Amino acid sequence: MLTSILANFIAGLGLFFSGLRMIDNNLRQATGRRLRTLVGRVTRNPWYAGFVGLATGALVQSTSGIVFILVSLVASGLTTVRRALPIVTWANVGCCALIFASVLDLRLAILYLIGLAGAAFAFDRSHRSHALGAVFGVGILFYGIELMKAGADPLKDLPWFSDLLNDTHNSLLLAFAGGASFSFVTQSSTAVSILAIGLAQTGLLGPFPTMMALYGANVGSTFSRMLLSSALRGSVRQLAAYQDLFKITGAVLFVSLLYLEIFGGIPLVRAFVGLSAERIDRQMALVFLLFNLVTAILFSIMQPWICGVLEWWLPADEQEDLSKPQFLYDEALNEPASALDLIAKEQLRLTRRLRVYAEAMRSGPLSPQRTRALALQAPFAAVVARIEQFQHDLVDRQLGPEESERLTRLQNRLSLTVYLDDSLRALTATTESVPLEGRLGELVSTFVEGLDFVLMSAVEALESGDPAQVAMLIEITEDRGDLMERIRQNYLADAPSVGPADRAVLLQVTSIFERVIWMTQRLARLIDR
């Protein structure tokens, strides 16, 4: 019997998480950049943002997934932390939809759904019907829930298991710890809550231990999210911390109410759900809803104060670690459209650094500015390596035609940025021995100012994507080979006493200048417009 029970639980969990993944992946593919842009707009109104949170929570069924999607939106500049918080708040309430669906008798409907949606999905020749994939994922998810419930029913016939859960008061902490531990391992409070409700339905868990298991499940998923968000830095980490605080506050509040109800004899949550529904499974579904709804209302009222605390605790990272990416994190790979925006942001950050070389060349030989500019090579290379790895990992994801084309452009842009860095570093080293005074120094200064203007124009074009700015950048980086040759000839003709060293420097400076201009034009033609 135990083998059969374990088989049902394991198969049910596998189908449950597979269904969640199918729903998540297909919804991401179906919505893409349009949904992200819409979210960026509606978050300006907290009421609309709350409604979006409810809807996305009901669809995605993963508050951690929603948090990381919002992290990428904030990092991409489509919204702000304060505007995104109502979505996080009310997504917790939206996630209760699956708990309520699990206490309904949907076995026949689930089988029909799996059969019809699976057949339609399998024979869809376009392979673009992500809606069918999402519907099939819903069927798989609910079938997994039914298997887990079927596995819970025979547990009442195991004497040792019944004895383990027999003493209600002594099992409260055990139920909380069990729910938290299982939720930490599975990274899903919903799956653990469904299992706990199934045990309550069979009579193995009393109402109060089941409530403690539900509260523990919410806390356990918080600890797993803390580990996942540990790589985040700066203001975006405020979103993950807000969700963690939401769950911990709810657990503290409702565990306290539970003990007051048991030992103080005060009718609270258990009494309320007992009056609202007769069946124990529906009562526990209401407990799960109350946990999230009451905490959501509390956090909505206190949101300005909570924002202030988070901004004080996790301020924006002004002093960036130049050797680490500022925008990239692994969870963003699950959202290809956002991941591409983050790559573009990271590449823009690298392009901004290129102007440091112009500042260095304006200073004299052996100046601190030159030393600082040349020391950027190792951090620059480290960030480039991380971007390349991130781009490589993104290739393995399900990308649409537009996303694949944009990724190719971004890969080419990164290569050009690396070549620009190499050329500018070589130019900085070449001009090290050129004094600022003198005719050659003045000519070099002219080239440096021209390069700085070109680089500034490139940064502005990358930032805005404005077609007019991109067109201007292309125009000012047109081929100037004839002009450069005249500059060289005029300089050598006017100064017949120029030594071999100065001639070599002049040739290198003009050659590198031409190369930088040519690469900048290629970069301009790859800018999204």
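Predicted model only: the values in this text are computed from it and were never measured.

**Student:** Would you mind going over the overall build of the chain with me for this structure?
**Tutor:** Across its full length, the chain holds 24 helices and zero strands. Counting every position in the chain, which comprises 529 residues, the buried fraction comes to 50%. Approximately 24700 Å² of the chain is accessible, and the part contributed by carbon and sulfur atoms is 61%.

**Student:** Is there a simple way to explain the pattern of salt bridges in this structure?
**Tutor:** Should the charged atoms of two oppositely charged side chains come close, the side chains can pair. Summed over all chains, the structure comprises 14 salt bridges. One salt bridge in this structure joins Arg425 and Asp422, with 3.0 Å as the shortest N-O distance. In this pair, Arg425 and Asp422 are both assigned in helix H20 (residues 401-430), three residues apart and thus about one turn of the helix distant. According to the relative accessible area criterion, Arg425 is buried, its value standing at 15%. When its relative accessible area of 35% is taken as the criterion, Asp422 is described as partly exposed.

**Student:** Quick question: what am I supposed to make of helix H6 (residues 107-122) here?
**Tutor:** Helical geometry note: an α-helix holds 3.6 residues per turn, so side chains three or four residues apart project in the same direction. A rise of 1.5 Å per residue sets the reference length of H6, with its 16 residues, at 22 Å; its end C-alpha atoms lie 22 Å apart and thus fit the reference within 8%. Inspection of H6 places Ile110, Ile114, Ala117 and Gly118 among the buried residues, and these make up the whole buried set. All buried residues of H6 lie within an arc of 105 degrees about the axis, which places them on one face of the element. Turned more than 90 degrees away from the buried face of H6 sit Leu108, Tyr112 and Leu116, all of them exposed.

**Student:** Explain a nonpolar patch on the surface here, please?
**Tutor:** On the surface, Leu253, Val294, Ile297, Leu298, Ile301, Met302, Trp305, Val309, Trp312 and Trp313 cluster together into a nonpolar patch covering about 1000 Å² of accessible area. Elements that contribute at least two residues to the nonpolar patch include exactly helix H14 (280-301) and helix H15 (303-313). Following the sequence through the fold, Trp313 ends up in helix H15. Overall, Trp313 belongs to the exposed group, its relative accessible area being 52%.

**Student:** How do you make sense of helix H22 (residues 467-476) when you look at a structure like this?
**Tutor:** Restricting attention to buried positions, one finds in H22 the residues Val470, Leu473 and Ile474. The buried residues of H22 occupy an angular sector of 100 degrees when projected down its axis, which confines them to one face. Of the residues in H22, the exposed ones pointing more than 90 degrees away from the buried face are Ala468 and Glu475. Of the surrounding secondary structure, the elements contacted by the buried residues of H22 are helix H21 (439-464) and helix H24 (500-524).

**Student:** Is there a simple way to explain a negative patch on the surface in this structure?
**Tutor:** A cluster of acidic residues, Glu475, Glu478, Asp479 and Asp482, forms a negative patch at the surface. By the secondary structure assignment, Glu478 is in the loop between H22 and helix H23 (481-494). Note on Glu478: relative accessible area 33%, which makes it partly exposed.

About the cut-offs
Residues numbered from 1 in each chain as written. Predicted model: local features only at pLDDT ≥ 70, side-chain atom pairs only at ≥ 80, totals over all residues. Heavy atoms only, no water. Helix = DSSP H or I, 4+ residues; strand = E, 2+ residues; numbered from the N terminus. Buried < 20%, exposed > 50% of the residue type's maximum accessible area, 1.4 Å probe, protein only. Areas by Shrake-Rupley, 256 points an atom, 1.4 Å probe, with all protein chains shown as cover. Salt bridge = Lys/Arg side-chain N within 4 Å of Asp/Glu carboxyl O. Expected span 1.5 Å × (residues − 1). Arc of directions from axis to C-beta. Patch = residues over 30% accessible without salt bridge, like charges linked within 9 Å, V, L, I, M, F, W, Y side chains within 5 Å. Contact = heavy atoms within 4.5 Å. Lys, Arg positive; Asp, Glu negative; His and termini not counted. Charge placed at Lys NZ, Arg CZ, Asp CG, Glu CD.

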